[in-house]
2 protein chains.
Amino acid sequence: MVPHLTTSLTGPLKDLERLILDRRPDIEHWFRNEFLEHEAPFYSSVDLRNGGFKLAPVDLNLFPGGFNNLNPDFMALCVHAAMSAVQKICPDTRRFMLVPENHTRNLNYLQNVAVLKRILEGAGMAVRIGSLIPDLAGPTEFETAAGEKLLMEPIQRKGNRAVLEGFDPCAVLLNNDLSAGVPPILAGIEQPILPPLIAGWTTRRKSHHFHCYDRVAEDFGKLLGVDPWFVNPAFSQCGKVNFAEKEGEDCLAANVEFVLNEVKEKYAQYGITEPPFAIVKADAGTYGMGIMTVKSVDDVRNLNRKTRNKMSVIKEGQPVHEVIIQEGVYTFESIEGGVAEPVIYMIDQFVVGGFYRVHTSRGIDENLNSPGASYKPLAFETDCQSPDCFGAPGTPPNRFYTYGVVARLAMLAAALEVEELAGRASALEVKAANA
Amino acid sequence: MVPHLTTSLTGPLKDLERLILDRRPDIEHWFRNEFLEHEAPFYSSVDLRNGGFKLAPVDLNLFPGGFNNLNPDFMALCVHAAMSAVQKICPDTRRFMLVPENHTRNLNYLQNVAVLKRILEGAGMAVRIGSLIPDLAGPTEFETAAGEKLLMEPIQRKGNRAVLEGFDPCAVLLNNDLSAGVPPILAGIEQPILPPLIAGWTTRRKSHHFHCYDRVAEDFGKLLGVDPWFVNPAFSQCGKVNFAEKEGEDCLAANVEFVLNEVKEKYAQYGITEPPFAIVKADAGTYGMGIMTVKSVDDVRNLNRKTRNKMSVIKEGQPVHEVIIQEGVYTFESIEGGVAEPVIYMIDQFVVGGFYRVHTSRGIDENLNSPGASYKPLAFETDCQSPDCFGAPGTPPNRFYTYGVVARLAMLAAALEVEELAGRASALEVKAANA
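Bear in mind that the values here come from a model prediction, so they are computed numbers and not experimental data.

(A) Looking closely at the confidence of the model for chain A. Residues and elements named next belong to chain A. In the predicted model, chain A carries a mean pLDDT of 87, and 90% of its residues have values of at least 70. Across residues 1-10, where pLDDT falls below 50, the model places 29 contacts with residues more than four positions away in sequence or in other chains. pLDDT under 50 marks residues 381-391. Its contacts with residues more than four places away, or in other chains, come to 21 contacts. Of the two predicted TM-score estimates for the complex, the pTM is 0.89 and the ipTM is 0.85.

Encoded structure:
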């Protein structure tokens with residue numbers, strides 16, 4: 001089930017894997033306590049980069065697409081995890097409205113919606129799909145990549161409730177990252193929305209996530225007695241950039257230098273000879289738009305028009321004014337000649353699957369979430385019947401456990417992040433009420 | 001994955017299945033609320049009988065063996081469910097002592113212990129096996145049916161704690177049904193014991209379980225608007241029987257008549273033409289010992305010596321004085337020419353797997369849990385990608401969902417049962433303290 005992997009793991013990661021396997025009871029105990037205190041997001045996915053000497057999350061998605069890429073054998077895992085999430089967050093819910101993205105031409109995305117619907121139905125929910133497409137005249141059937149029929153219905157507002165014709169949902173599951181802003185039809189409704197609206201890209205920032213992740217990685221490093229850098233990419237941010245107008249270049253250059261210097265120091269400390277690099281990307285947004293690889297300060301000086309155009313707008317035509325500059329983590333994993341990075345999926349606090357994102361025309365220091373990527377499902381340790389299965393680090397089942405641990409660290413950071421966003425939002429409300 | 005089934009389902013069960021599938025959101029909502037109020041047992045297994053017109057549990061095991069018979073592909077499901085159980089019941093636990101049965105000559109049972117150990121380890125526990133074998137001199141290695149090595153260590157008592165040499169567990173997981181009584185070395189220890197000692201056969205009674213099940217089936221029948229009899233076998237009990245001494249024959253005969261009459265009425269009501277039968281079995285105990293099929297009162301009058309001997313002693317040489325007389329449910333399922341009954345496994349509130357118990361030399365009205373039985377793993381609905389997968393009742397995935405619902409009804413009854421046993425035990429303690 002595990003795809004054939006060509007990895008070149010040496011040194012520290014093997015040690016880190018060994019340590020994580022040996023300290024499994026302490027790690028799981030620590031996670032249990034953290035998730036008793038902090039509510040895990042309903043679902044999430046994490047992009048990991050496995051650099052051999054380092055294994056780190058580079059992005060966390062709170063509205064994950066791609067459930068269609070998971071191994072269908074593990075549907076039951078998703079269903080159980082969804083049951084657990086519903087029991088914790090909204091036990092009284094019987095009817096869910098699933099709100100997807102608007103891009104109905106992406107048939108693979110539609111297939112993801114079909115799988116999500118099936119997971120919720122498997123968990124015992126009645127599910128209908130509420131669409132935010134502005135010109136959707138009435139209930140409309142779309143066909144997914146696998147040829148399934150999907151009925152999308154226009155969302156209606158009835159007082160403080162978002163409803164569909166003849167269907168009053170108890171809760172809303174967002175699979176739309178709100179890149180285009182908070183839709184007025186969902187604002188202020190009395191039904192619970194999962195994840196909450198404040199977790200959309202209108203209010204969410206990658207840099208905030210990685211600030212939260214710093215704290216999680218720090219605690220995890222203390223627990224294991226290792227440098228948290230092995231699971232944590234250095235980063236910085238710039239708040240006032242305008243690529244189109246060539247504004248904020250100095251801020252960007254200074255922060256690129258800062259991040260590259262941090263990485264240089266760590267590479268020197270651990271005897272890593274690869275050249276450091278950084279990734280500049282929009283601080284809000286997804287879909288691999290507005291991303292560039294830089295290896296020196298010069299790479300962000302005097303950008304040509306093509307790059308400036310590429311960097312200036314992301315999904316839904318949103319302009320980019322804030323960027324995060326993140327330590328680049330090499331991916332030393334490859335599958336069938338393509339560069340690969342693992343993407344791990346979670347529902348509630350459980351790892352429910354994953355896949356490799358594979359790109360044949362990208363380098364080991366480039367973003368792989370871009371056109372032309374293909375997907376290979378990752379499997380669980382189903383074959384692990386031999387007594388030495390917890391033996392050697394680097395074997396696929398153990399690698400997968402390690403991936404699951406690091407992905408859950410990022411997910412825990414997202415839990416803290418959403419808590420803080422909610423805290424901020426209610427503080428603003430109080431302020432507004434007192435004004 | 002689903003074994004080839006030969007079933008002859010007609011009439012009411014198809015209707016019941018259809019109803020259960022249609023009312024899935026209400027059923028799952030109801031379970032969610034019940035399990036918020038009542039703590040699901042750490043683990044359990046349920047023997048079901050599928051009579052075509054009726055689907056009912058006939059036994060619930062709170063110390064299930066047989067995890068080795070589950071489909072190994074679903075190990076991850078067991079692991080997640082165990083994580084969920086630990087988080088609810090004893091989140092601070094890092095080290096588990098697993099206490100198995102003493103019969104080390106049953107290599108398949110030992111394989112079950114190995115699988116259970118792996119499930120707990122997968123959930124992030126450090127696990128060692130504490131044995132109750134009286135003459136176990138020191139740590140001893142046993143080999144399982146699959147050739148795995150299993151180290152069993154004598155349990156030691158240190159004050160109020162049960163420990164192993166160099167290992168102080170935070171909790172004890174019993175896989176021993178205490179047929180031989182509560183072991184003094186575990187009595188009154190301060191660590192949590194799962195399931196609690198009072199759930200052992202010293203204090204547990206099948207008739208008590210089915211009294212609790214009556215209430216659950218009643219509520220479920222009301223929820224769906226169906227006669228609860230379709231999921232509930234009629235039963236009665238006799239408290240003073242001595243087969244060896246021919247005592248209690250009148251009580252037994254009267255209760256057999258009572259049960260058979262109940263079944264006759266229901267059969268007449270629903271137009272079922274098969275002859276009713278009942279099963280007489282020990283009210284405490286397992287392993288298919290002390291069980292007989294009766295079709296009329298005459299069957300319990302003037303029992304011959306062989307039958308009286310068979311009925312008078314069960315596991316661990318315990319004499320039988322209390323019996324339950326339970327409506328017999330035909331099994332109309334067969335696999336490869338053998339009569340089959342489904343056994344469903346649960347951890348926490350989740351169905352994690354199951355198998356068919358198949359017997360080639362038993363009839364459709366006999367107990368199958370007896371020497372010569374073989375096992376076929378049951379699968380989850382892994383293949384269910386087609387839009388009409390929730391369509392026809394009677395297809396294997398839907399059948400399995402229905403099995404999972406009825407198994408969880410029995411598990412919910414076990415939750416009520418254990419609550420009552422605990423309540424009784426603490427009432428006795430208060431009484432003793434006041435005496």
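(B) A look at the environment of F350(A). Positionally, F350(A) belongs in strand β17 (residues 350-359). Accessibility expressed as a relative area gives 5% for F350(A), which makes it buried. Taking the C-alpha atoms as reference points, F350(A) and C251(A), separated by 99 residues in sequence, lie 39 Å from one another. Setting aside residues up to four positions removed in sequence, F350(A) forms contacts with A81(A), S84(A), Y345(A), H80(B), M83(B) and S84(B).

(C) Region of the structure containing the interface of chain A and chain B. On the chain B side, the residues contacting the 42 residues of chain A number 41 residues. Area buried by chain A at its contact with chain B is led by R32(A), H80(A) and Q87(A), which between them contribute 17% of it. Taken together, chain A and chain B are joined by two salt bridges. For R94(B), the salt bridge identified is with D26(A), shortest N-O distance 3.2 Å. For the pair chain A and chain B, the number of links is 19 residue pairs in polar contact (both at pLDDT 80 or more).

(D) Geometry of the side chain of H359(A). All names here are of chain A. By the element assignment, H359 lies in strand β17. Here H359 falls in the buried class, since its relative accessible area comes to 1%. One polar contact links H359 to S361, side chain to side chain, over a distance of 3.4 Å.

(E) Structural view of the packing of helix α3 (residues 75-89) of chain A against helix α3 (residues 75-89) of chain B. Closest axis-to-axis distance for the α3(A)/α3(B) pair is 9 Å, and the angle between their directions is 15°. Put simply, α3(A) runs roughly parallel to α3(B). By crossing handedness, the relation of α3(A) to α3(B) is classed as right-handed. Residues A76(A), L77(A) and H80(A) of α3(A) form the contact with α3(B), whose participating residues are A76(B), L77(B) and H80(B).

About the criteria used
- Residue numbers restart at each chain and count upward from 1, following the sequence in its written direction.
- As a convention, the first chain written is A and the first ligand written is 1, with the rest following in written order.
- Per-residue local features of the predicted model are confined to residues with pLDDT of at least 70, and side-chain atom pairs are confined, for both listing and counting, to 80 or more; whole-chain, interface and lining totals are unaffected and use all residues.
- Only hydrogens and water are removed before side-chain values are computed, so all heavy atoms of the structure are retained for them.
- For every residue, the predictor assigns a confidence score, pLDDT, that lies between 0 and 100.
- Residue contacts are counted whenever heavy atoms from the two residues lie within 4.5 Å of one another.
- In DSSP terms, a helix is any run of H or I states spanning at least four residues, a strand is any run of E spanning at least two, and both are numbered starting from the N terminus.
- Exposure categories follow from relative accessible area, calculated using a 1.4 Å probe and restricted to protein chains: below 20% of the type maximum is buried, above 50% is exposed, and the middle band is partly exposed.
- Accessible area, probed at 1.4 Å, shrinks when two parts are joined; the buried area is that loss added up over both.
- Salt bridges are defined by distance alone: a side-chain nitrogen of Lys or Arg within 4 Å of a carboxyl oxygen of Asp or Glu.
- As used in this structure description, the phrase polar contact means that two N or O atoms lie within 3.5 Å; if the pair is within protein, one of them must be able to donate a hydrogen and the other to accept it, and residues adjacent in sequence are counted only when both atoms belong to side chains.
- Angles shown run from 0 to 180 degrees and are taken between the N-to-C directions of axes, each axis being a line fitted to C-alpha atoms and, for helices, limited to the stretch in contact.
- Orientation labels follow simple angle bins: below 35 degrees gives roughly parallel, above 145 gives roughly antiparallel, 65 to 115 gives roughly perpendicular, and whatever is left gives oblique.
- In this scheme, a crossing is called left-handed if the near helix is turned counterclockwise away from the far one by less than a right angle; it is called right-handed if the turn is clockwise.

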